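# Fold and contact review
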Amino acid sequence: MDQAPSSPQDARSSLPTCYRHPERETGIRCTRCERPICPDCMVDASVGFQCPDCVRGSSAREGRAATAASRPRTLAGGTVTADPRLVTKILIGLCLAVFLVQQAVGAAFEDRFFLLGRAYVPELGGVEGVAEGQWYRMLTAMFLHGSYVHILFNMLSLWWIGGPLEAALGRARYVALYFVSGLAGSALTYLVADPAQPSLGASGAIFGLFGATAVLMRHLKYDMRPVLALLAINLVITFGVGGIAWQAHIGGLVAGVLVGYAMVHAPRERRALVQYGSCAVVLAAVVVMTLLRTSQLT
């Protein structure tokens, strides 16, 4: 049996209602979310109409994208912060705090945490060192110092060199540079030095900052003579004064130059990949040197 055509009143009663005004029927839908909207809720769009919620959401996303795009960045792509020397201050504070613990506890504390390849330590009653699985010594040695003169010289160097470099790189990149350089210095010391000779100090990491600073100044076309003169003086001291682990200085310097070059010259479109990839490559070299020396000593 054929069905009779619906009346206009039946057609109107079948229309959806506006999601914001349920009492109003409408035949218009938002072009983004497809929810029904009445004439009071319609906002002109490039194609059709949008509801107020979609318009607000789109504006918020565009605002966040614009804010991120306009956020000031350091030369290496890091975030500009209110205190550009904060990490340097923290590193100095950690070194000073550890030094105070050294003075309070004495040699027993140093014996557990300085860099040592492999040797019998009478105070600990056994054979100790990185070759015995004490990998942490390569890191903890970076925060120990042997005397007041040692820590004073290193902390002044860290403040003078590290502060400006942190401001140029940004915190995350600066931290990566510092620790990668320090570990590279520890690894070269472990590989080359007498395994029974203890080593300690932040010099490896600081020489890495020297190397990165030289790369940065060359990139900015600054006068290189001051930093080169300071570096030369430190190298003369390194090789001219007894009792200094030159391996840590050279290892840190080479790592600092390599990572610093990647930090400064990385192409913008692949900046983070190149910068942190260079850190990963240096760390891989650290692991290789460590495993090689361990196999020689065990």
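Residues numbered from 1 in each chain as written. Predicted model: local features only at pLDDT ≥ 70, side-chain atom pairs only at ≥ 80, totals over all residues. Heavy atoms only, no water.

### Structural notes on the layout of surface pockets
The condition that has to hold: Cavity: a set of points on a 1 Å grid over the protein atoms alone where a 1.4 Å probe fits but cannot get out. Pocket: an open set with protein on both sides within 12 Å along at least five of seven lines, its lining residues, like those of a cavity, having an atom within 4 Å of a point. Grid points are joined across faces, edges and corners, and a volume is the space filled by probe spheres set on the points. In this text, helices come from DSSP runs of H or I with a minimum length of four residues, and strands from runs of E with a minimum of two, each type numbered from the N-terminal end. Only Asp, Glu, Lys and Arg are considered charged, only Ala, Val, Leu, Ile, Met, Phe, Trp, Tyr, Cys and Pro nonpolar, and every remaining residue, Gly among them, polar.
Quantified by volume, the largest pocket comes out at close to 670 Å³. Counting residues per element, the lining of the largest pocket draws most heavily on helix 8 (residues 203-219), at 6 residues. Grouping the constituent residues of the lining of the largest pocket by class yields 16 nonpolar, 19 polar and no charged.

### A short note on the confidence of the model for the protein chain
To keep things clear, this is the line we draw: The pLDDT value tells you how sure the predictor is about a given residue, anywhere from 0 up to 100. Working rule for contacts: check all heavy atoms of both residues, and any pair within 4.5 Å makes them a contact.
This prediction gives the protein chain a mean pLDDT of 87; 90% of its residues lie at or above 70. Long-range and interchain partners of residues 1-13, a stretch whose pLDDT sits below 50, account for 2 contacts in this model, where long-range means more than four residues apart. For residues 65-70, every residue scores under 50 in pLDDT, and the model assigns this stretch 0 contacts once sequence neighbours within four places are set aside.

### Section: the nonpolar core
The cut-off we apply is this: Working definition of a nonpolar core: buried Ala, Val, Leu, Ile, Met, Phe, Trp, Tyr and Cys residues. They are joined through side-chain atoms within 4.5 Å. Whether a residue is buried, partly exposed or exposed follows from its accessible area with a 1.4 Å probe, protein chains only, as a fraction of its type maximum: under 20%, in between, or over 50%, in that order.
In this structure, Leu 158, Leu 165, Tyr 178 and Leu 209 are the most contacted members of the largest nonpolar core, which totals 49 residues. The set of elements that each furnish at least two residues to this core consists of helix 3 (86-105), helix 6 (148-169), helix 7 (171-192), helix 8, helix 10 (246-265) and helix 11 (271-297). For this core, the element with the most residues is helix 7, which contributes 9 residues. The residues touching Tyr 178, leaving out its near neighbours within four places in the chain, are Leu 91, Met 142, Leu 158, Ala 202, Ala 205 and Leu 209. Counting 7 residues, the second-largest nonpolar core is a separate cluster that includes Cys 18, Cys 41, Cys 51 and Cys 54.

### Description of the pattern of salt bridges
Quick note on the threshold: Think of a salt bridge as a Lys or Arg side-chain nitrogen and an Asp or Glu carboxyl oxygen that are within 4 Å of each other.
Scanning the entire structure with this criterion turns up 8 salt bridges. Where Arg 24 meets Glu 23, a salt bridge forms, and the shortest distance between an N and an O atom there is 3.8 Å. Residue class for Arg 24 comes out partly exposed when judged on its relative accessible area of 30%. Here Glu 23 falls in the exposed class, since its relative accessible area comes to 60%. Put simply, Glu 132 and Arg 118 hold a salt bridge, and the shortest N to O gap is 2.5 Å. In this pair, Glu 132 is assigned in the loop between strand 4 (126-128) and helix 5 (137-140) and Arg 118 in the loop between helix 4 (107-113) and strand 3 (119-121), connecting sequence segments 14 residues apart. According to the relative accessible area criterion, Glu 132 is partly exposed, its value standing at 37%. Assessed through its relative accessible area of 35%, Arg 118 is described here as partly exposed. Several salt bridges share partner residues, and in doing so they unite Glu 23, Arg 24 and Asp 40 into one network.

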